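A closer look at the structure
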Amino acid sequence: MLLVEDDELMRRSFTVALERYGYEMEAAADGLDGLELFRDRDEGFDLLILDVMLPGLDGIGLCRRVRETSLVPVLMMSARGDGLDVVAGLEAGADDYVVKPVDTYVLVARIRSLLRRATYAPATLGTGHAADEGPSSEGEVLVFGDLTIDTAGMEVSVAGSPVALTPTELKLLLEFAAHPGVVLERHTLLRDVWEYGWDGDSRVVDLCVQRLRRKLGRERIETVRGFGYKFRR
């Protein structure tokens, strides 16, 4: 796991705490060093924890650079509570965020949730229908118009072209695909996809939906005002 945090005391504190939980840690003090560590590690990292305010290359810019080549889970840390960093980080491709100061048990809970998503294996999503009537299922391949979801191979394509999704985006898509035509409320998605056992920030849902729309087509996921989202058959 890679931690990029410019505050030396906080960097050491997080590193020691997470190592006590059994995580193998590497750390960097600025964005450029973090990017170099990320690129130089042949076996890659299981997860990145990026502070937003970093010297050299800030966490948002670092997240964008990482997303150019990798779908590794990314957790952003922000010291601001006004939401600007949150939105910018999630739009850059982060999967989740925490606001500093953060208790270790909260940080570990978010890490565990992200790592579970990265190794997510969905249950059977149902038998579906014929392709001309809506979604169909052939074994573990779901078809929604020009959208194909291979739940065994964890691969998604639109009109035959593969689409790269982060683990969080993929789990959100699978949640929608399991309930086509059903309105899913934001708090339900926070619970089932992000595994929040408490009220969470619905912006993580909204911005992840936006990213899915950019990749799959805006018409695929419908906003139901005042309630949540509905996946079109």
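Residues numbered from 1 in each chain as written. Predicted model: local features only at pLDDT ≥ 70, side-chain atom pairs only at ≥ 80, totals over all residues. Heavy atoms only, no water.

**Looking at unusual backbone geometry**
- With an omega of 0 degrees, the peptide bond between Lys100 and Pro101 qualifies as cis.
- As for its placement among the helices and strands, Pro101 is situated in the loop between strand E5 (96–99) and helix H5 (104–118).
- Positive phi, normally seen in glycine, also occurs at Glu195, with a value near 60 degrees.
- Relative to the elements of secondary structure, Glu195 occurs in the loop between helix H7 (186–192) and helix H8 (203–216). (Helix = DSSP H or I, 4+ residues; strand = E, 2+ residues; numbered from the N terminus.)

**Notes on the packing of aromatic side chains**
- Scanning the model with the defined rule gives two aromatic pairs in all.
- Seen from their ring centres, Phe144 and Phe231 are 4.9 Å apart, and the 85 degrees between their planes marks the pair as edge-to-face. Taken together, the residues span a long stretch of sequence, with Phe144 in strand E7 (residues 141–144) and Phe231 in strand E13 (residues 228–231) at a distance of 87 residues.
- By relative accessible area, Phe144 is classed as buried at 1%.
- Judged by its relative accessible area of 0%, Phe231 is buried.
- For the ring pair Phe176 and Phe231, a centre distance of 6.2 Å and an interplane angle of 10 degrees mean the geometry is stacked. Taken together, the residues span a long stretch of sequence, with Phe176 in helix H6 (residues 167–177) and Phe231 in strand E13 at a distance of 55 residues. Each member of the pair Phe176 and Phe231 is classed as buried.
- Through pairs of rings, three or more aromatic residues link up here, namely Phe144, Phe176 and Phe231. (Phe/Tyr/Trp six-rings, centres within 6.5 Å; stacked < 30°, edge-to-face > 60°. Buried < 20%, exposed > 50% of the residue type's maximum accessible area, 1.4 Å probe, protein only.)

**Regarding the pairing of E13**
- Pairing of strand E11 (residues 183–185) with E13, which is carried by three bridges, proceeds in the antiparallel orientation. Paired with Val183 across the strands is Lys230, a residue of E13.
- Connecting strand E12 (residues 221–224) to the antiparallel partner E13 that follows it, the hairpin turn spans three residues, and Gly226 within it adopts a positive phi of roughly 85 degrees. (Pairing = 2+ DSSP bridges.)

**Side note on the side chain of Ser157**
- Tracing the backbone shows Ser157 in strand E9 (residues 155–158).
- Note on Ser157: relative accessible area 16%, which makes it buried.
- Not counting residues up to four positions away in its chain, the partners in contact with Ser157 are Asp146, Leu147, Thr148, Pro162 and Val163. (Contact = heavy atoms within 4.5 Å.)

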